[in-house]
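# Survey of secondary and tertiary structure
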Amino acid sequence: MAFNSIKDGEFTKTIYNMVTSYTYLYHYFVMLEMFSVSFKQIKDERYHDAITTLVTIVDANPTSKAGLSLLGYCCFQIQDFFNAASCYEQLYSLYSEQEEYKLYWAQSLYEAGLYGSSLKVCNQIVDPKLKGKVLKLEAAIRFAEDDLAAAMNTVNACFALSSTNDVDTLVNMGCIRFKEEDYSRALVKFQSAVHVSGFEPQLLYNVAVCHYKMKEYAPAIKSIADIIERGIRDHPELSVGMATEGLEVRSVGNTLALHKSALVEAFNLKAATEYQLKNFEGAKEALTDMPPRLESELDPVTLHNMALLTADANPSESFDKLQFLLLQQVTQMQQQLENPESRLTGAGPLVCPPETFANLLLLYCKYEYFDLAADLMAEHADLTYKHLSPYVFDFLEALITQQTSPEEAFAKFDALCVRYGETVRRTGTNLKEARRQQSSHAISAAGLAHEQAMETYLPVLMNQAKIYWDRENYVQVEKLFRQSAELCGDADVWRLNVAHTLFMQENKFREATSFYEPLVKQNYDNILDVSAVVLANLCVCYLVTSQNEEAEELLRKLEKEEEQKSLENPQSKFFHLSIVNLVIGTLYCSKGNYEFGISRVIKSLEPYHQKLGTDTWFYAKRCLMSLLENMAKQVVVVKDSILDDILQFLDSCQFYGREVQTILENPTAVNLNVSSARFTVTYEARIIKCLLLQIIRN
């Protein structure tokens, strides 16, 4: 058999081609396997793992269309918008005939906050099939830049291209109306979007926010409840409410499922709604019901709300949280100055709620750190003009001025009272006219306007009166309140402060009773919701005006309510009855009747493990020290039985007061060790006992 001869060179070439083919097939199948793995990871929403796999693919084949496309998608999903933009930019440079990649590139730049670059890319897209999507993106860019007029024109162009039932366009129009503070028209658009698309948590949240802004709290709470109910049913892994029940749960992290469920937004809005309704415990519970996350994982809005709701219990931590948020905004602004196209993206576009600056200033003023407030306003003048309304700015300026020039501050408050008092008078007249016409819509709108006017007027009036109050000029305080009776005589805050003013004059207890009683009776079934100071002052008024039966009935009601609440929640402490007895005891001690007064003080702290606290001990020791001073001066003589009761009382305070601090931590103090044993009830009780024994022996 004859064979054709094969030359050496041809043989080598043949073998080389075969090896190359086998190598190519091997790499091909490896790539297919890696793509298969990445597809599964993406399906399971394990985007970080998918990115690791896809980076290997792209490194091996930098022009891989599928690899770059999937990598850009995964980066977008984890909010790494800069890398997503880089992937889509490469894709467009390699496959310029597909303008979808340019659209994705522009969208990634928009999400990264690079609005100028995004708009520039949008203007380069010429494919008529993408015109509708490009217009929507342009509208979003204009909206983010606060160019509402241009955004509105673009959205109207979207309506011209698509049907009036296009969800995205409806939402865009609703967002513009919302930013214009036209909440009723925004609500209509969001409701239309929900009607077209069906249940969407983010859309329903928008509806709830509109109701909240219009102070329609009932429908807002209903929409929030629908979001939470669906979130619990669809995502049991998010552990909603577990932390409130005291169960130990792990952080669920900031997952895509959490974002899509809108649970974080819903619980924050629920907390805000409960706060507006004065249900502060419900507001705190809303935040603890939220899916558990580490503090480092919290979004700015949640951190801000936590700071506000824990300010009374732990002002130091609240200051820290608000200062941290403000620092993030200052850092962002510095980056924008250095590079106008830069923007922080750590926790999304929002790094600090716009209310943070004003709330931090108001919190400083609440705790009378006026110097810190003044320094903050001077240091951040740009934020002052950006985030403070004219009303808040003028109000804070008057408050801060009060420390150096009370007369000037009084004049500023007086000018504000005249300005906003006219608004209250006008809105009150409109409300009466609406009621006369019996128009439910007009009554609702006029009532909302009048309520808002009162919310601005009352703080100004009260702080103006406080200037006289601090000087103990209660007659002038009363005169100031009488002048404003026409405008706000029906407001509970006004009535309460009038009652306090009459009470402090010590010769108008009957008049004070007439103001205190309605406030107590309207909450008589939930009497523990009434301030303990109000109840205590009312009891004193009863006693001074010889209405002892009414005082005893009020004390019995308090005792019964506290016993019932203690059975329902044994871990909680209730101080209403204790404070009332302390005030009564202090009253009798101030009149020289130490025997009855001290016995009432001792009774006020029983049982000690529930009633002994920083505030209750402060007022109890004042009475004791007053007694010791008068005994040392030999002004009063006390029975031995009373002295034995006092010694036994001090022994009990020593035993139960080891963990009770005698001073509250200064939120702005540095290196103050309030946990020292010297700042405990035990230490002070021993000192008082030692003094008492020395007086007895001498």
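Description of the structure in this document.

Definitions and cut-offs
Residues numbered from 1 in each chain as written. Predicted model: local features only at pLDDT ≥ 70, side-chain atom pairs only at ≥ 80, totals over all residues. Heavy atoms only, no water. Helix = DSSP H or I, 4+ residues; strand = E, 2+ residues; numbered from the N terminus. Rg over C-alpha atoms; globule rule 2.2 N^0.38 Å. Buried < 20%, exposed > 50% of the residue type's maximum accessible area, 1.4 Å probe, protein only. Contact = heavy atoms within 4.5 Å. Areas by Shrake-Rupley, 256 points an atom, 1.4 Å probe, with all protein chains shown as cover. Lys, Arg positive; Asp, Glu negative; His and termini not counted. Charge placed at Lys NZ, Arg CZ, Asp CG, Glu CD. 1 Å grid on protein atoms, 1.4 Å probe; cavity = no way out; pocket = protein on both sides within 12 Å on 5 of 7 lines; lining within 4 Å. Points joined across faces, edges and corners; volume = space filled by probe spheres on them. Nonpolar A, V, L, I, M, F, W, Y, C, P; charged D, E, K, R; others polar. Expected span 1.5 Å × (residues − 1). Salt bridge = Lys/Arg side-chain N within 4 Å of Asp/Glu carboxyl O. Polar contact = N/O pair within 3.5 Å; in protein donor to acceptor, adjacent residues only side chain to side chain. Phe/Tyr/Trp six-rings, centres within 6.5 Å; stacked < 30°, edge-to-face > 60°. Lys NZ or Arg CZ within 6 Å of the ring centre and 35° of its normal. Patch = residues over 30% accessible without salt bridge, like charges linked within 9 Å, V, L, I, M, F, W, Y side chains within 5 Å.

Within the chain, the secondary structure is distributed over 35 helices and 0 strands. What you see for the chain is a C-alpha radius of gyration of 34 Å, clearly larger than the 26 Å of a compact globule of 698 residues, by over 25%. Overall, the chain is about 140 × 65 × 45 Å in size when its C-alpha atoms are taken along their principal axes. Within the chain, the fraction of its 698 residues that count as buried is 45%. Across the chain, the fraction of contacts at a sequence separation of at least 24, relative to all contacts at a separation of at least 6, is 58%. As presented, the chain carries roughly 38300 Å² of accessible surface, and 53% of it is formed by carbon and sulfur atoms. Averaging the positions of the 65 positive and the 90 negative side-chain charges in the chain gives two centres separated by 2 Å.

Here the second largest pocket is characterised by a volume of approximately 380 Å³. Looking at which element gives the most residues to the lining of the second largest pocket, the answer is helix α22 (residues 406-437), with 7 residues. Considered class by class, the residues forming the lining of the second largest pocket number 7 nonpolar, 4 polar and 5 charged.

As a further point, take helix α2 (residues 47-60). The terminal C-alpha atoms of α2, which comprises 14 residues, lie 20 Å apart, in line with the 20 Å expected from a rise of 1.5 Å per residue. Looking at α2, one finds that the buried residues are Tyr47, Ala50, Ile51, Thr53, Leu54, Ile57 and Val58.

Next up on the list: the pattern of salt bridges. The final tally for this structure, using the stated rule, is 31 salt bridges. Here Lys412 ties to Glu408 by a salt bridge, and the two come within 3.7 Å at their closest N and O atoms. With Lys412 and Glu408 both in helix α22, this residue pair falls 4 residues apart, about one helical turn.

Right, let's talk about the environment of Thr501 for a bit. Structurally, the position occupied by Thr501 is in helix α26 (residues 492-504). Taking C-alpha positions, Thr501 is 8.0 Å from Val475, a pair spaced 26 residues apart along the chain. Excluding its chain neighbours within four sequence positions, the residues that come into contact with Thr501 are Trp469, Tyr474, Val477, Glu478 and Phe481. Of note is the side chain of Thr501, whose polar atom sits 2.8 Å from the backbone oxygen of Asn497.

The next thing to look at is the packing of aromatic side chains. Evaluation of the coordinates by the stated rule reveals 24 aromatic pairs. Pairing Phe503 with Phe509 gives two aromatic rings, centres 5.5 Å apart and planes at 80°, and the pair type is edge-to-face. Residue Phe503 shares its accessibility class with Phe509, and that shared class is buried. Clustering of aromatic rings is evident, with ring pairs tying together Phe319, Tyr364, Tyr367 and Tyr369. Here the guanidinium or amino end of Lys65 rests over the ring plane of Tyr95, the centre of that ring lying 5.3 Å away. Sitting over the ring of Phe199, Arg230 keeps its end group 4.1 Å from the ring centre.

There is a patch of nonpolar side chains on the surface, built from Met625, Tyr683, Ile687 and Leu691 and spanning about 320 Å² of accessible area. When residues of the nonpolar patch are assigned to their parent elements, the largest contribution, 3 residues, is made by helix α35 (residues 681-697). Secondary-structure assignment places Ile687 in helix α35. For Ile687, a relative accessible area of 41% translates into the label partly exposed.

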